[in-house]
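# Notes for the structure review
What follows is each chain in one-letter form.
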Number of protein chains: 4
Amino acid sequence: MNMDMDSDKILEILEGNGFAKMIGLEILEVHEGVAKGRIRMESRHTNLYGGMHGGCSYAMADTLAGIAASTYGNYVTTIDGKMNYLLPIKDTEYVYCEAKVVRQGGRIGVYESKFTNDTGEVLATAEFTYYRTSEKIKE
Amino acid sequence: MNMDMDSDKILEILEGNGFAKMIGLEILEVHEGVAKGRIRMESRHTNLYGGMHGGCSYAMADTLAGIAASTYGNYVTTIDGKMNYLLPIKDTEYVYCEAKVVRQGGRIGVYESKFTNDTGEVLATAEFTYYRTSEKIKE
Amino acid sequence: MNMDMDSDKILEILEGNGFAKMIGLEILEVHEGVAKGRIRMESRHTNLYGGMHGGCSYAMADTLAGIAASTYGNYVTTIDGKMNYLLPIKDTEYVYCEAKVVRQGGRIGVYESKFTNDTGEVLATAEFTYYRTSEKIKE
Amino acid sequence: MNMDMDSDKILEILEGNGFAKMIGLEILEVHEGVAKGRIRMESRHTNLYGGMHGGCSYAMADTLAGIAASTYGNYVTTIDGKMNYLLPIKDTEYVYCEAKVVRQGGRIGVYESKFTNDTGEVLATAEFTYYRTSEKIKE
């Protein structure tokens, strides 16, 4: 794991995030405004077409974008999220997702997430808007 | 369960949907263009604020909207989804979600989902756009 | 015009809004959290299919939703907007749009807009998220 | 103007687009999956804060993304659009917008648009989903 934020802090954030744990999200990298992760595809992640369920991929994107937003030091809450499904998320051992900042303002932050498969093909994109609370993430 | 579609068919669809099963989605009602369900809040559904994870609620909304779309007889794939988080989804035994058709065209269908708590307060809204495939859901 | 807010104030807001004037938006009603208006369809509003240009209808929806949001007394700025095109906006003398509040929180407000033709058919929907500034609209 | 598609065809498309003409959209470049344009800021484009009206910028983005989508040879209709307002669009002589393909599938295409000012700063982003009709754009 390659990260600028204190890694114990990130792991603690994920520990408190029951849903991210349930879906098996593994964090690969965290930098200012950026977070990358992956999930190993299993049958519990699937929809009835054998691809990753749209809600599972969305949860992955939202969690990573939220971590990217939290690298600026405050807790954030999600205002809204939108996801575009470009290709089925299937036939890959891992599903990768990278979230990065589009713009972080004083209160509002916009982040984009991109999904790729084992060969780097882009399968889906998502974008999230967060409200930065005044509560600092304690070091 | 109150439904117009064959209930065995709906249950079979959910059986094939590993992710919907994992999050514990219970279907309450299915009519033409409409699907309602609920999830009993547990710690595995939560984000680090103790509310339902935004990805979990999104998955619930997407699954129900997809069922509502499938009541017209064909399999559908999600083009995109957008979710608005209005209030934290917490302090409720069950989270309820109702999806209903806004418009189903020949190929494109738009559906909206609304989340409520035990007292009927609206906590979040979502909307989904589906592409109707030419593949019929077998009776 | 049926409005709770001071009508001179609303007209003054629209006077300052060069683009709303240019598209010929006529305000029909303003109440707390609600604003209705209409545009008489002319060739300058059209896309190459002879329907109302998607940007024109979006501008109409955004302006009305912004007026609905401003009924709470503060200036607002748009965080994001999303529009769903359900049917072509054509073959109607007037295009009507009604914007109403989904939820107005302390800082963030979510509004939905609905388009109808002369016979009341729903042609499009849109939703907008606003940030409420601390600047009061002066009476 | 630097374009791969026949330039007369593009100009003809814009001539048939009353609204794009009204807002003064100037096309700078068209390639497969890409379209760039600009608008010279005038008072008729503004909202009450003196910036470009959110509906005007959206119309610009939608028109360019639609042109980018039409470079694949068929007429398209807009399924939905979403715009994120990052910074006020003001204090610039021209507003530039570049639309490019994210993915064009058999029926569904997703396009993103980015707004910049005279100094290249990103002010807003938008994304559009189009349905590709079976009607060919006649050469």
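Basis of the calculations
Residues numbered from 1 in each chain as written. Chains lettered and ligands numbered in written order. Predicted model: local features only at pLDDT ≥ 70, side-chain atom pairs only at ≥ 80, totals over all residues. Heavy atoms only, no water. Least-squares fit on C-alpha atoms with pLDDT ≥ 70 in both. Contact = heavy atoms within 4.5 Å. Axes fitted to C-alpha atoms, helices over the stretch in contact; angles between N-to-C directions. Helix = DSSP H or I, 4+ residues; strand = E, 2+ residues; numbered from the N terminus. Parallel < 35°, antiparallel > 145°, perpendicular 65-115°, else oblique. Left-handed = near helix turned anticlockwise from the far one by under 90°. Nonpolar A, V, L, I, M, F, W, Y, C, P; charged D, E, K, R; others polar. Buried area = accessible area lost by both parts, 1.4 Å probe. Salt bridge = Lys/Arg side-chain N within 4 Å of Asp/Glu carboxyl O. Buried < 20%, exposed > 50% of the residue type's maximum accessible area, 1.4 Å probe, protein only. Pairing = 2+ DSSP bridges. Disulfide = S-S within 2.5 Å. Patch = residues over 30% accessible without salt bridge, like charges linked within 9 Å, V, L, I, M, F, W, Y side chains within 5 Å. Areas by Shrake-Rupley, 256 points an atom, 1.4 Å probe, with all protein chains shown as cover. Lys, Arg positive; Asp, Glu negative; His and termini not counted. Charge placed at Lys NZ, Arg CZ, Asp CG, Glu CD. Polar contact = N/O pair within 3.5 Å; in protein donor to acceptor, adjacent residues only side chain to side chain.

## Here we look at the relation of the copies chain D and chain C
Overlay of chain D on chain C (RMSD 0.0 Å): rotation 180°, translation along the axis 0.0 Å. Seen this way, the second copy is the image of the first under a two-fold rotation axis. In terms of proximity to the rotation axis, the leading residue of chain D is Lys82(D), whose C-alpha is 2.1 Å off the axis. In this assembly the copies share their binding face: 100% of the residues contributing to the interface of chain D also contribute to that of chain C.

## Description of the packing of helix H3 (residues 54-70) of chain C against helix H3 (residues 54-70) of chain D
It is the contact of H3(C) with H3(D), at a shortest axis distance of 8 Å, that shows an interaxial angle of 155°. Judged on the interaxial angle alone, H3(D) and H3(C) are roughly antiparallel. Crossing of H3(C) against H3(D): the hand is right-handed. Contacts between H3(C) and H3(D) involve Gly54(C), Gly55(C), Tyr58(C), Ala59(C) and Asp62(C) from the former and Gly54(D), Gly55(D), Tyr58(D), Ala59(D) and Asp62(D) from the latter. Along the lines of polarity and charge, the residues of the contact of H3(C) with H3(D) split into four nonpolar, four polar and two charged.

## Considerations on the interface of chain D and chain C
Counting residues at the interface gives 32 residues for chain D and 32 residues for chain C. Buried area between chain D and chain C, summed over both chains or domains, comes out near 2600 Å², and the portion from carbon and sulfur atoms is 62%. Across the contact surface, chain D and chain C share two salt bridges. A salt bridge links Asp80(C) to Lys82(D); the shortest N-O distance between them is 3.7 Å.

## Things to note about the pattern of salt bridges
Enumeration according to the criterion identifies 28 salt bridges over all chains in this entry. Between Glu127(D) and Lys82(A) there is a salt bridge whose closest N-O contact spans 2.8 Å. With Glu127(D) in strand S7 (residues 122-136) and Lys82(A) in strand S4 (residues 74-85), this residue pair bridges two chains. For the pair Glu127(D) and Lys82(A), one class covers both residues: buried. It is possible to trace a salt-bridge network through shared partners that takes in Glu29(A), Lys36(A) and Glu98(A).

## Some words on the pairing of strand S3 (residues 34-40) of chain D
Residues and elements named next belong to chain D. For S3, the buried fraction is high: five of the seven residues fall into the buried class. Of the strand pairs in this sheet, strand S2 (residues 26-31) and S3 are connected by five bridges, and their pairing is antiparallel. Paired with glutamate 26 across the strands is arginine 38, a residue of S3. Hairpin remark: S2 followed by S3, antiparallel, with two residues in the connecting loop; positive phi at glycine 33, about 80°. Pairing between S3 and strand S5 (residues 94-104): seven bridges, direction antiparallel. Bridge pairing in S5 places alanine 35 opposite alanine 99.

## A few points about the state of the cysteines
When the sulfur atoms of two cysteines share a covalent bond, that bond is a disulfide. All names here are of chain B. Counted according to the given criterion, the structure contains zero disulfides over all chains. Of all cysteine sulfurs in the structure, the one in cysteine 97 sits closest to cysteine 56, which takes part in no disulfide; the separation is 11 Å. The class for cysteine 56 is buried, based on a relative accessible area of 0%.

## Brief notes about a positive patch on the surface
A surface patch of like charges, here positive, comprises Lys100(A), Lys114(A), Lys100(D) and Lys114(D). In this fold, Lys100(A) is placed in strand S5 (residues 94-104).

## Looking at the interface of chain B and chain A
With 32 residues of chain B in contact, the opposing surface of chain A contributes 32 residues. Of the roughly 2600 Å² buried where chain B meets chain A, counting both sides, 61% is carbon and sulfur surface. If you look at where chain B meets chain A, you find two salt bridges. Where chain B meets chain A, there are eight residue pairs in polar contact (both at pLDDT 80 or more). Counting residues per element, the side of chain B that touches chain A draws most heavily on strand S4 (residues 74-85) of chain B, at ten residues. Of the residues contributing to the side of chain B that touches chain A, the split by class is 14 nonpolar, 14 polar and four charged. Across five bridges, the pairing between S4(A) and S4(B) is antiparallel. Bridged to Met83(A) within S4(B) is Gly81(B).

Nothing here speaks to function; it is geometry throughout.
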